[in-house]
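Listed here are the chains, written in short residue letters.
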Amino acid sequence: MTAAIPLRVLREEPAPSRFARRLSGGDRPGELRAGTVRTLQVNVGKRCNQACRHCHVDASPLRTEVMADDVVDACLDVLARHPELTTLDITGGAPELHPRFREMVARAHALGRAVLVRHNLTVQFEPGQADLPEFFAAHGCEVVCSLPHYTAEATDRQRGRGVYEKSLAGLRRLNEVGYGRGDGLVLTLVANPVGAFLPPKQEDLERDTRAYLAEQHAIGFDRLITITNMPIARFEEWLRRAGLHDEYMDRLEAAYNPATVDGLMCRSLVSVDWTGHVHDCDFNQMLEMGLAHGLPQRVHGLDVRALAGREILTGDHCFGCTAGAGSSCGGAIA
Ligand code: SF4
Ligand code: SF4
(Lines give C-alpha, C1' and ligand atoms only; values in the text may rest on other atoms or scores of the structure.)
(Ligands and ions follow the chains in the order given, each with its own letter.)
Protein backbone atom coordinates (compact mmCIF):
# COMPACT_ATOMS: atom_id res chain seq x y z
CA MET A 1 0.00 0.00 0.00
CA THR A 2 1.27 3.46 -0.87
CA ALA A 3 0.93 6.22 1.71
CA ALA A 4 -1.28 9.17 0.76
CA ILE A 5 0.71 12.30 0.00
CA PRO A 6 0.14 14.61 2.96
CA LEU A 7 -0.89 18.22 2.51
CA ARG A 8 2.31 20.04 3.27
CA VAL A 9 2.59 23.24 5.21
CA LEU A 10 6.31 23.80 5.11
CA ARG A 11 7.74 25.29 8.22
CA GLU A 12 8.19 29.01 8.50
CA GLU A 13 11.73 30.15 7.86
CA PRO A 14 13.44 29.69 11.21
CA ALA A 15 14.62 32.56 13.40
CA PRO A 16 18.37 33.26 13.09
CA SER A 17 20.10 30.30 14.64
CA ARG A 18 23.37 29.94 16.50
CA PHE A 19 24.67 28.45 13.28
CA ALA A 20 23.71 31.56 11.30
CA ARG A 21 25.61 33.71 13.77
CA ARG A 22 28.67 31.47 13.50
CA LEU A 23 28.51 31.87 9.71
CA SER A 24 28.91 35.62 10.03
CA GLY A 25 31.58 35.31 12.69
CA GLY A 26 29.72 37.95 14.69
CA ASP A 27 26.37 38.64 16.34
CA ARG A 28 24.41 39.14 13.14
CA PRO A 29 23.11 36.16 11.21
CA GLY A 30 25.27 35.23 8.24
CA GLU A 31 24.02 33.93 4.92
CA LEU A 32 24.81 30.76 3.06
CA ARG A 33 24.40 30.92 -0.72
CA ALA A 34 24.39 28.20 -3.35
CA GLY A 35 26.49 28.11 -6.48
CA THR A 36 25.42 26.36 -9.70
CA VAL A 37 23.32 23.27 -9.05
CA ARG A 38 25.21 20.22 -10.33
CA THR A 39 23.48 17.34 -8.53
CA LEU A 40 19.83 16.38 -8.47
CA GLN A 41 19.35 14.31 -5.36
CA VAL A 42 16.14 12.33 -5.32
CA ASN A 43 14.81 10.61 -2.23
CA VAL A 44 12.34 8.08 -3.58
CA GLY A 45 10.79 7.20 -0.24
CA LYS A 46 11.16 5.84 3.26
CA ARG A 47 10.81 2.11 2.61
CA CYS A 48 13.89 0.22 3.70
CA ASN A 49 14.66 -3.37 4.57
CA GLN A 50 16.51 -2.10 7.66
CA ALA A 51 15.69 0.21 10.57
CA CYS A 52 19.06 1.56 11.72
CA ARG A 53 19.40 3.40 14.98
CA HIS A 54 21.07 6.48 13.50
CA CYS A 55 18.78 6.79 10.44
CA HIS A 56 18.03 10.44 9.71
CA VAL A 57 15.22 9.41 7.35
CA ASP A 58 13.33 7.30 9.92
CA ALA A 59 13.23 4.61 7.25
CA SER A 60 12.10 1.05 7.99
CA PRO A 61 10.29 -1.92 6.43
CA LEU A 62 7.05 -0.56 7.91
CA ARG A 63 7.14 2.76 6.06
CA THR A 64 4.85 3.05 3.06
CA GLU A 65 5.89 6.43 1.64
CA VAL A 66 7.09 6.03 -1.96
CA MET A 67 7.48 8.57 -4.73
CA ALA A 68 4.46 8.63 -7.07
CA ASP A 69 4.78 8.28 -10.85
CA ASP A 70 4.17 11.97 -11.60
CA VAL A 71 7.01 12.96 -9.28
CA VAL A 72 9.37 10.40 -10.81
CA ASP A 73 8.47 11.75 -14.25
CA ALA A 74 9.03 15.34 -13.10
CA CYS A 75 12.48 14.47 -11.72
CA LEU A 76 13.49 12.78 -14.99
CA ASP A 77 12.15 15.75 -16.94
CA VAL A 78 14.24 18.20 -14.87
CA LEU A 79 17.32 16.05 -15.44
CA ALA A 80 16.72 15.90 -19.20
CA ARG A 81 16.20 19.68 -19.50
CA HIS A 82 19.32 20.69 -17.53
CA PRO A 83 22.64 19.45 -18.93
CA GLU A 84 24.40 21.31 -16.11
CA LEU A 85 23.01 18.64 -13.76
CA THR A 86 25.91 16.25 -14.07
CA THR A 87 24.80 13.76 -11.41
CA LEU A 88 21.64 11.99 -10.33
CA ASP A 89 22.01 10.94 -6.70
CA ILE A 90 19.32 8.42 -5.73
CA THR A 91 18.60 7.77 -2.10
CA GLY A 92 15.84 6.58 0.25
CA GLY A 93 15.13 4.39 2.33
CA ALA A 94 16.54 1.67 0.22
CA PRO A 95 15.99 3.27 -3.20
CA GLU A 96 16.25 -0.10 -4.96
CA LEU A 97 12.86 -1.05 -3.47
CA HIS A 98 11.10 1.67 -5.47
CA PRO A 99 9.27 0.07 -8.43
CA ARG A 100 10.79 2.55 -10.90
CA PHE A 101 14.30 2.63 -9.47
CA ARG A 102 15.89 0.73 -12.35
CA GLU A 103 14.09 2.82 -14.95
CA MET A 104 15.35 6.03 -13.31
CA VAL A 105 18.93 4.76 -13.31
CA ALA A 106 18.70 3.57 -16.91
CA ARG A 107 17.21 6.84 -18.17
CA ALA A 108 19.75 9.01 -16.35
CA HIS A 109 22.56 6.82 -17.68
CA ALA A 110 21.16 7.11 -21.22
CA LEU A 111 21.24 10.90 -20.79
CA GLY A 112 24.96 10.61 -20.07
CA ARG A 113 24.68 11.59 -16.42
CA ALA A 114 26.66 10.08 -13.59
CA VAL A 115 24.41 8.02 -11.34
CA LEU A 116 25.19 7.63 -7.69
CA VAL A 117 23.17 5.13 -5.64
CA ARG A 118 23.05 5.16 -1.84
CA HIS A 119 23.10 1.42 -1.27
CA ASN A 120 22.77 -0.35 2.07
CA LEU A 121 24.28 -3.66 0.77
CA THR A 122 21.74 -5.91 2.53
CA VAL A 123 18.98 -5.00 0.06
CA GLN A 124 20.75 -7.30 -2.41
CA PHE A 125 19.25 -10.18 -0.43
CA GLU A 126 15.65 -9.00 -0.71
CA PRO A 127 13.40 -10.82 -3.21
CA GLY A 128 14.19 -9.96 -6.83
CA GLN A 129 17.33 -7.94 -6.00
CA ALA A 130 20.08 -10.55 -6.40
CA ASP A 131 21.23 -9.11 -9.74
CA LEU A 132 21.68 -5.57 -8.42
CA PRO A 133 25.50 -5.69 -8.68
CA GLU A 134 25.27 -6.59 -12.39
CA PHE A 135 22.64 -3.89 -12.91
CA PHE A 136 24.81 -1.26 -11.21
CA ALA A 137 27.81 -2.30 -13.30
CA ALA A 138 25.88 -2.23 -16.57
CA HIS A 139 24.88 1.38 -15.89
CA GLY A 140 28.24 2.53 -14.49
CA CYS A 141 26.68 3.56 -11.19
CA GLU A 142 28.84 4.68 -8.32
CA VAL A 143 27.62 2.65 -5.36
CA VAL A 144 27.92 4.42 -2.05
CA CYS A 145 27.60 1.70 0.56
CA SER A 146 26.89 2.17 4.23
CA LEU A 147 29.18 0.29 6.56
CA PRO A 148 29.32 2.14 9.90
CA HIS A 149 32.52 0.34 10.94
CA TYR A 150 34.76 -2.45 9.69
CA THR A 151 34.12 -4.56 12.80
CA ALA A 152 31.03 -6.73 13.20
CA GLU A 153 30.34 -5.59 16.74
CA ALA A 154 30.11 -1.86 15.95
CA THR A 155 28.15 -2.30 12.73
CA ASP A 156 25.60 -4.70 14.21
CA ARG A 157 25.12 -2.45 17.25
CA GLN A 158 23.94 0.34 14.96
CA ARG A 159 22.23 -1.56 12.16
CA GLY A 160 20.94 -4.75 13.76
CA ARG A 161 22.21 -8.26 14.41
CA GLY A 162 23.54 -10.06 11.32
CA VAL A 163 23.80 -6.93 9.18
CA TYR A 164 27.60 -7.02 9.15
CA GLU A 165 27.83 -10.51 7.67
CA LYS A 166 25.18 -9.71 5.06
CA SER A 167 26.98 -6.46 4.22
CA LEU A 168 30.23 -8.33 3.62
CA ALA A 169 28.38 -10.76 1.36
CA GLY A 170 27.03 -7.76 -0.57
CA LEU A 171 30.53 -6.28 -0.88
CA ARG A 172 31.88 -9.59 -2.20
CA ARG A 173 29.18 -9.64 -4.88
CA LEU A 174 30.11 -6.09 -5.89
CA ASN A 175 33.79 -7.08 -6.07
CA GLU A 176 32.87 -10.07 -8.23
CA VAL A 177 31.32 -7.87 -10.91
CA GLY A 178 34.30 -5.49 -10.91
CA TYR A 179 33.53 -2.91 -8.23
CA GLY A 180 36.26 -1.72 -5.89
CA ARG A 181 39.13 -2.85 -8.10
CA GLY A 182 40.20 0.55 -9.38
CA ASP A 183 38.88 -0.24 -12.87
CA GLY A 184 36.27 2.51 -13.07
CA LEU A 185 33.37 0.87 -11.22
CA VAL A 186 33.51 2.92 -8.06
CA LEU A 187 32.65 1.39 -4.71
CA THR A 188 32.59 3.95 -1.92
CA LEU A 189 32.15 2.96 1.72
CA VAL A 190 30.42 5.32 4.13
CA ALA A 191 31.36 5.10 7.79
CA ASN A 192 29.70 6.99 10.60
CA PRO A 193 30.33 7.03 14.34
CA VAL A 194 28.48 4.47 16.43
CA GLY A 195 27.72 6.98 19.18
CA ALA A 196 27.56 10.67 20.08
CA PHE A 197 30.98 11.68 18.84
CA LEU A 198 32.62 13.03 15.69
CA PRO A 199 34.05 10.69 13.06
CA PRO A 200 37.76 9.87 13.20
CA LYS A 201 40.09 11.28 10.56
CA GLN A 202 38.84 10.01 7.21
CA GLU A 203 42.27 8.95 5.88
CA ASP A 204 43.05 7.00 9.06
CA LEU A 205 39.77 5.11 9.03
CA GLU A 206 40.11 4.43 5.31
CA ARG A 207 43.59 2.97 5.83
CA ASP A 208 42.49 0.77 8.76
CA THR A 209 39.32 -0.39 6.99
CA ARG A 210 41.21 -1.20 3.80
CA ALA A 211 43.77 -3.28 5.66
CA TYR A 212 41.18 -5.11 7.77
CA LEU A 213 38.75 -5.95 4.96
CA ALA A 214 41.58 -7.05 2.65
CA GLU A 215 43.35 -9.23 5.21
CA GLN A 216 40.33 -10.72 6.96
CA HIS A 217 37.82 -10.93 4.12
CA ALA A 218 39.65 -10.35 0.80
CA ILE A 219 37.31 -7.42 0.10
CA GLY A 220 38.38 -4.28 -1.76
CA PHE A 221 36.85 -0.82 -2.19
CA ASP A 222 37.86 2.42 -3.86
CA ARG A 223 37.45 5.00 -1.13
CA LEU A 224 35.93 5.48 2.26
CA ILE A 225 34.14 8.61 3.40
CA THR A 226 33.14 9.55 6.91
CA ILE A 227 29.85 11.20 7.76
CA THR A 228 28.87 12.92 10.98
CA ASN A 229 25.61 11.70 12.52
CA MET A 230 23.07 14.49 12.12
CA PRO A 231 21.18 15.49 15.27
CA ILE A 232 17.78 15.01 13.67
CA ALA A 233 15.08 12.32 13.43
CA ARG A 234 15.90 8.89 14.92
CA PHE A 235 19.42 9.87 15.97
CA GLU A 236 18.10 12.97 17.74
CA GLU A 237 15.54 10.82 19.59
CA TRP A 238 18.29 8.45 20.64
CA LEU A 239 20.45 11.37 21.83
CA ARG A 240 17.58 12.73 23.91
CA ARG A 241 16.74 9.33 25.42
CA ALA A 242 20.40 8.84 26.29
CA GLY A 243 20.59 12.34 27.84
CA LEU A 244 23.33 13.25 25.36
CA HIS A 245 21.57 15.74 23.09
CA ASP A 246 22.85 19.02 24.53
CA GLU A 247 26.35 17.63 25.00
CA TYR A 248 26.43 16.45 21.37
CA MET A 249 25.17 19.80 20.04
CA ASP A 250 27.78 21.64 22.12
CA ARG A 251 30.44 19.30 20.76
CA LEU A 252 29.40 19.98 17.17
CA GLU A 253 29.30 23.73 17.72
CA ALA A 254 32.66 23.79 19.51
CA ALA A 255 34.17 21.99 16.50
CA TYR A 256 32.74 24.52 13.98
CA ASN A 257 35.24 24.86 11.14
CA PRO A 258 34.72 27.81 8.78
CA ALA A 259 36.99 26.11 6.20
CA THR A 260 34.18 23.60 5.51
CA VAL A 261 31.62 26.19 4.39
CA ASP A 262 32.75 26.49 0.76
CA GLY A 263 32.39 22.74 0.26
CA LEU A 264 28.97 22.22 1.85
CA MET A 265 26.89 19.95 -0.34
CA CYS A 266 23.86 22.26 -0.26
CA ARG A 267 25.90 24.73 -2.31
CA SER A 268 25.83 22.45 -5.35
CA LEU A 269 22.74 20.23 -5.05
CA VAL A 270 19.02 20.28 -4.58
CA SER A 271 17.15 17.49 -2.90
CA VAL A 272 13.69 16.30 -3.93
CA ASP A 273 11.53 14.42 -1.45
CA TRP A 274 9.06 11.62 -2.18
CA THR A 275 6.19 14.12 -2.43
CA GLY A 276 8.01 16.26 -5.03
CA HIS A 277 8.98 19.15 -2.74
CA VAL A 278 12.45 20.61 -3.23
CA HIS A 279 14.89 21.26 -0.39
CA ASP A 280 18.42 22.56 0.08
CA CYS A 281 19.60 19.12 1.22
CA ASP A 282 18.45 15.76 2.52
CA PHE A 283 18.63 16.97 6.13
CA ASN A 284 16.48 20.04 5.53
CA GLN A 285 14.15 17.67 3.71
CA MET A 286 13.75 15.56 6.84
CA LEU A 287 13.07 18.72 8.86
CA GLU A 288 10.46 19.77 6.27
CA MET A 289 12.33 22.99 5.54
CA GLY A 290 11.54 23.97 1.96
CA LEU A 291 13.58 26.35 -0.17
CA ALA A 292 13.68 30.00 0.85
CA HIS A 293 10.54 32.06 0.43
CA GLY A 294 9.87 33.11 -3.16
CA LEU A 295 11.70 30.17 -4.74
CA PRO A 296 9.89 27.32 -6.50
CA GLN A 297 8.98 24.60 -4.03
CA ARG A 298 8.01 21.70 -6.32
CA VAL A 299 10.05 19.66 -8.79
CA HIS A 300 7.29 19.77 -11.42
CA GLY A 301 8.55 22.10 -14.15
CA LEU A 302 11.47 23.23 -12.00
CA ASP A 303 14.09 25.49 -13.59
CA VAL A 304 17.25 24.72 -11.60
CA ARG A 305 19.01 27.72 -13.13
CA ALA A 306 16.72 29.86 -10.98
CA LEU A 307 18.21 28.19 -7.90
CA ALA A 308 21.84 29.16 -8.58
CA GLY A 309 22.95 31.72 -6.02
CA ARG A 310 19.89 31.10 -3.86
CA GLU A 311 19.91 31.67 -0.14
CA ILE A 312 20.14 28.34 1.71
CA LEU A 313 18.00 27.87 4.79
CA THR A 314 20.13 26.85 7.76
CA GLY A 315 19.58 25.84 11.37
CA ASP A 316 21.60 24.47 14.26
CA HIS A 317 21.55 21.00 12.69
CA CYS A 318 23.97 22.48 10.11
CA PHE A 319 26.71 22.26 12.75
CA GLY A 320 26.67 18.56 11.82
CA CYS A 321 28.08 19.50 8.40
CA THR A 322 30.70 21.99 9.61
CA ALA A 323 32.16 20.24 12.65
CA GLY A 324 35.80 19.20 12.49
CA ALA A 325 36.75 18.17 8.96
CA GLY A 326 33.13 18.68 7.88
CA SER A 327 30.60 16.21 6.54
CA SER A 328 28.74 15.96 3.28
CA CYS A 329 27.40 13.35 0.89
CA GLY A 330 30.99 13.16 -0.34
CA GLY A 331 32.48 12.74 3.15
CA ALA A 332 34.91 15.07 4.93
CA ILE A 333 35.18 18.53 3.37
CA ALA A 334 38.26 20.26 4.79
S1 SF4 B 1 20.26 4.29 7.58
FE2 SF4 B 1 19.96 3.59 5.45
S3 SF4 B 1 19.84 1.37 5.63
FE4 SF4 B 1 19.50 2.18 7.69
S5 SF4 B 1 17.27 2.41 7.89
FE6 SF4 B 1 18.06 4.37 7.17
S7 SF4 B 1 17.88 4.29 4.94
FE8 SF4 B 1 17.74 2.16 5.70
S1 SF4 C 1 22.35 20.58 6.92
FE2 SF4 C 1 24.34 20.78 5.89
S3 SF4 C 1 23.89 20.54 3.74
FE4 SF4 C 1 21.96 20.96 4.76
S5 SF4 C 1 21.67 23.20 4.66
FE6 SF4 C 1 22.72 22.76 6.57
S7 SF4 C 1 24.90 22.96 6.07
FE8 SF4 C 1 23.82 22.74 4.14
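The structure we're discussing is the one just above.
Residues numbered from 1 in each chain as written. Chains lettered and ligands numbered in written order. Predicted model: local features only at pLDDT ≥ 70, side-chain atom pairs only at ≥ 80, totals over all residues. Heavy atoms only, no water.

Draft legend 1. Local environment of helix 7 (residues 202-217). With 16 residues, helix 7 extends 21 Å from end C-alpha to end C-alpha; this agrees with the ideal 22 Å at 1.5 Å per step. All of the buried residues along helix 7 are Gln202, Leu205, Thr209, Leu213 and His217. Angular distribution of buried residues about the axis of helix 7 spans 65°; they occupy a single face of the element. Packed against the buried residues of helix 7 are helix 6 (163-176), strand 5 (187-191) and strand 6 (223-226). (Helix = DSSP H or I, 4+ residues; strand = E, 2+ residues; numbered from the N terminus. Expected span 1.5 Å × (residues − 1). Buried < 20%, exposed > 50% of the residue type's maximum accessible area, 1.4 Å probe, protein only. Arc of directions from axis to C-beta. Contact = heavy atoms within 4.5 Å.)

Draft legend 2. Quick peek at the site of ligand 1. The environment of ligand 1 is formed by Cys48, Gln50, Ala51, Cys52, His54, Cys55, Ala59, Gly93, Asn120 and Arg159. According to the grid-proximity analysis, the pocket containing ligand 1 is the largest cavity. Within the shell around ligand 1, the residues separate by chemical class into five nonpolar, four polar and one charged. (Near = heavy atom within 4 Å. 1 Å grid on protein atoms, 1.4 Å probe; cavity = no way out; pocket = protein on both sides within 12 Å on 5 of 7 lines; lining within 4 Å. Sits in = over half its atoms within 2 Å of the grid points. Nonpolar A, V, L, I, M, F, W, Y, C, P; charged D, E, K, R; others polar.)

Draft legend 3. Region of interest: the packing of aromatic side chains. Going through the model one piece at a time under the given rule, you end up with nine aromatic pairs. For the pair phenylalanine 235 and tyrosine 248, a centre-to-centre distance of 5.4 Å together with 75° between the ring planes defines the contact as edge-to-face. You can see phenylalanine 235 sitting in helix 8 (residues 233-241) and its partner tyrosine 248 sitting in helix 9 (residues 245-254), a full 13 residues away along the chain. Both residues of the pair, phenylalanine 235 and tyrosine 248, belong to the buried class. Among the aromatic residues, those joined into a cluster by ring pairs are Phe19, Tyr256 and Phe319. The lysine or arginine in question, arginine 102, covers the ring of phenylalanine 135, its NZ or CZ lying 4.9 Å from the ring centre. Positioned over the ring face of phenylalanine 221 is arginine 210, at 4.4 Å from the centre of the ring. (Phe/Tyr/Trp six-rings, centres within 6.5 Å; stacked < 30°, edge-to-face > 60°. Lys NZ or Arg CZ within 6 Å of the ring centre and 35° of its normal.)

Draft legend 4. Quick peek at the environment of tyrosine 150. Tracing the chain through its elements places tyrosine 150 in the loop between strand 4 (142-146) and helix 5 (152-159). A residue is classified by how much of its surface remains accessible, and tyrosine 150, at 16% relative accessible area, is buried. Residues tyrosine 150 and leucine 189 lie 39 residues apart in sequence; the distance between their C-alpha atoms is 10.0 Å.

Draft legend 5. Region of interest: empty space enclosed by the protein. Using the criterion set out here, one finds four cavities of 30 Å³ or more in the structure. Along the wall of the largest cavity there are 35 residues; nearest its centre are His54, His56, Thr91, Ser146 and Arg159. When residues of the lining of the largest cavity are traced back to their parent elements, those giving at least two are strand 3 (114-119), strand 4 and helix 10 (282-286). Sorting elements by how many residues they give to the lining of the largest cavity places strand 4 first, with three residues. Its boundaries defined by the atoms lining it, the second largest cavity holds a volume of some 110 Å³. (Points joined across faces, edges and corners; volume = space filled by probe spheres on them.)

Draft legend 6. Focus on the side chain of arginine 118. Here arginine 118 is to be found in strand 3. Arginine 118 sits in the buried class, given a relative accessible area of 16%. A polar side-chain atom of arginine 118 sits 2.8 Å from a polar atom in the side chain of aspartate 89. The residues contacting arginine 118, other than those within four sequence positions of it, are Gln41, Asp89, Ile90, Thr91, Pro95, Glu96, Val144 and Cys329. (Polar contact = N/O pair within 3.5 Å; in protein donor to acceptor, adjacent residues only side chain to side chain.)

Draft legend 7. The arrangement of the pattern of salt bridges in detail. With the rule as written, the count across this model stands at 27 salt bridges. We note a salt bridge from arginine 102 to aspartate 131, for which the minimum N-O separation is 2.9 Å. Placement of arginine 102 in helix 3 (residues 101-110) and of aspartate 131 in the loop between strand 3 and helix 4 (132-138) is noted, with a sequence separation of 29 residues between them. Note that arginine 267 and aspartate 262 form a salt bridge whose closest N and O atoms lie 3.9 Å from each other. On the accessibility criterion, arginine 267 (24% relative accessible area) is partly exposed. Residue classification places aspartate 262 among the exposed positions, given a relative accessible area of 63%. Several salt bridges share partner residues, and in doing so they unite Asp69, Asp73, Arg100, Glu103 and Arg107 into one network. (Salt bridge = Lys/Arg side-chain N within 4 Å of Asp/Glu carboxyl O.)

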